[in-house]
Amino acid sequence: MDTQMKRGFLDACVLAAMAQGESYGYQIIKDVPASIGISESTLYPLLKRLESRKLIKVRKAEYNGRLRKYYSLTEAGRAFLAEFANDKREIDEVFDFVERATRGA
């Protein structure tokens with residue numbers, strides 16, 4: 001997948017990884033589709049950006065003697081995810097248009 005296209009899906013994929021409940025960095029990386037190819041160096045700045053936009057909230061808790069950050073969706077994050085899902089019809093139209101063009105080429 002094209003790098004710019006991946007960037008457009010990153011926020012939604014990371015938020016979707018938290019849709020069923022709070023999660024932490026390593027688990028989010030495992031839950032996001034492999035085709036997105038997210039790494040720690042990409043994830044943590046993204047999480048900070050999502051937090052600053054109030055799409056997620058963070059809590060810290062001790063786990064095996066270490067402090068771990070747990071991330072969860074806010075109502076604004078859930079709304080963002082719902083809006084992204086609603087955009088699927090428009091995205092499908094674009095892909096259908098491109099597919100028709102490649103079949104006619």
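Just above, that's the structure.
Residues numbered from 1 in each chain as written. Predicted model: local features only at pLDDT ≥ 70, side-chain atom pairs only at ≥ 80, totals over all residues. Heavy atoms only, no water.

What follows is about the overall build of the chain. For the chain, the count of helices and strands is 5 helices and 2 strands. Counting helices and strands in the order they occur from the N terminus, the chain gives α-α-α-β-β-α-α. Relative to a compact globule of 105 residues, whose C-alpha radius of gyration would be 13 Å, the chain shows 16 Å and is clearly more extended. Projected onto its principal axes, the C-alpha coordinates of the chain cover approximately 60 × 25 × 20 Å. A burial count over the chain gives 28% of its 105 residues as buried. Taking as baseline every contact in the chain between residues at least 6 positions apart, the subset at least 24 positions apart corresponds to 50%. A total of about 7400 Å² of accessible surface is found on the chain, and carbon and sulfur atoms cover 51% of it. The averaged location of the 15 negative side-chain charges in the chain is 7 Å from the averaged location of its 18 positive side-chain charges. (Helix = DSSP H or I, 4+ residues; strand = E, 2+ residues; numbered from the N terminus. Rg over C-alpha atoms; globule rule 2.2 N^0.38 Å. Buried < 20%, exposed > 50% of the residue type's maximum accessible area, 1.4 Å probe, protein only. Contact = heavy atoms within 4.5 Å. Areas by Shrake-Rupley, 256 points an atom, 1.4 Å probe, with all protein chains shown as cover. Lys, Arg positive; Asp, Glu negative; His and termini not counted. Charge placed at Lys NZ, Arg CZ, Asp CG, Glu CD.)

Turning our attention to the side chain of R68. Counting through the fold element by element, R68 comes out in strand β2 (residues 66-73). Of the buried charged residues, R68 lacks a salt bridge, with E22 as the closest side chain of opposite charge at 8.9 Å. In contact with R68, not counting residues within four places along its chain, are Y24, R59, K60, A61 and Y63. (Salt bridge = Lys/Arg side-chain N within 4 Å of Asp/Glu carboxyl O.)

Bringing unusual backbone geometry into the picture now. At K54, a residue that is not glycine, the phi angle is positive and equals roughly 65°. Structurally, K54 can be placed in the loop between α3 (40-52) and β1 (56-63). Its identity as a non-glycine residue notwithstanding, N64 has a phi of 50°, on the positive side. As for its position among the elements, N64 is in the loop between β1 and β2.

Here we come to the pairing of β2. Of the strand pairs in this sheet, β1 and β2 are connected by 8 bridges, and their pairing is antiparallel. Within the sheet, the bridge partner assigned to R59 lies in β2 and is Y70. The antiparallel hairpin formed by β1 and β2 contains 2 residues in its connecting segment, where N64 sits at a positive phi of about 50°. (Pairing = 2+ DSSP bridges.)

Take the packing of helix α1 (residues 3-17) against α3 next. In the contact formed by α1 and α3, the axes pass within 11 Å of each other and the chain directions differ by 85°. Classified by the interaxial angle, the pair formed by α1 and α3 is roughly perpendicular. Between α1 and α3, the contacting residues are L10, D11, V14 and L15 on the first element and T42, L43, L46, L47, R49 and L50 on the second. Classifying every residue of the contact of α1 with α3 gives 7 nonpolar, 1 polar and 2 charged. (Axes fitted to C-alpha atoms, helices over the stretch in contact; angles between N-to-C directions. Parallel < 35°, antiparallel > 145°, perpendicular 65-115°, else oblique. Nonpolar A, V, L, I, M, F, W, Y, C, P; charged D, E, K, R; others polar.)

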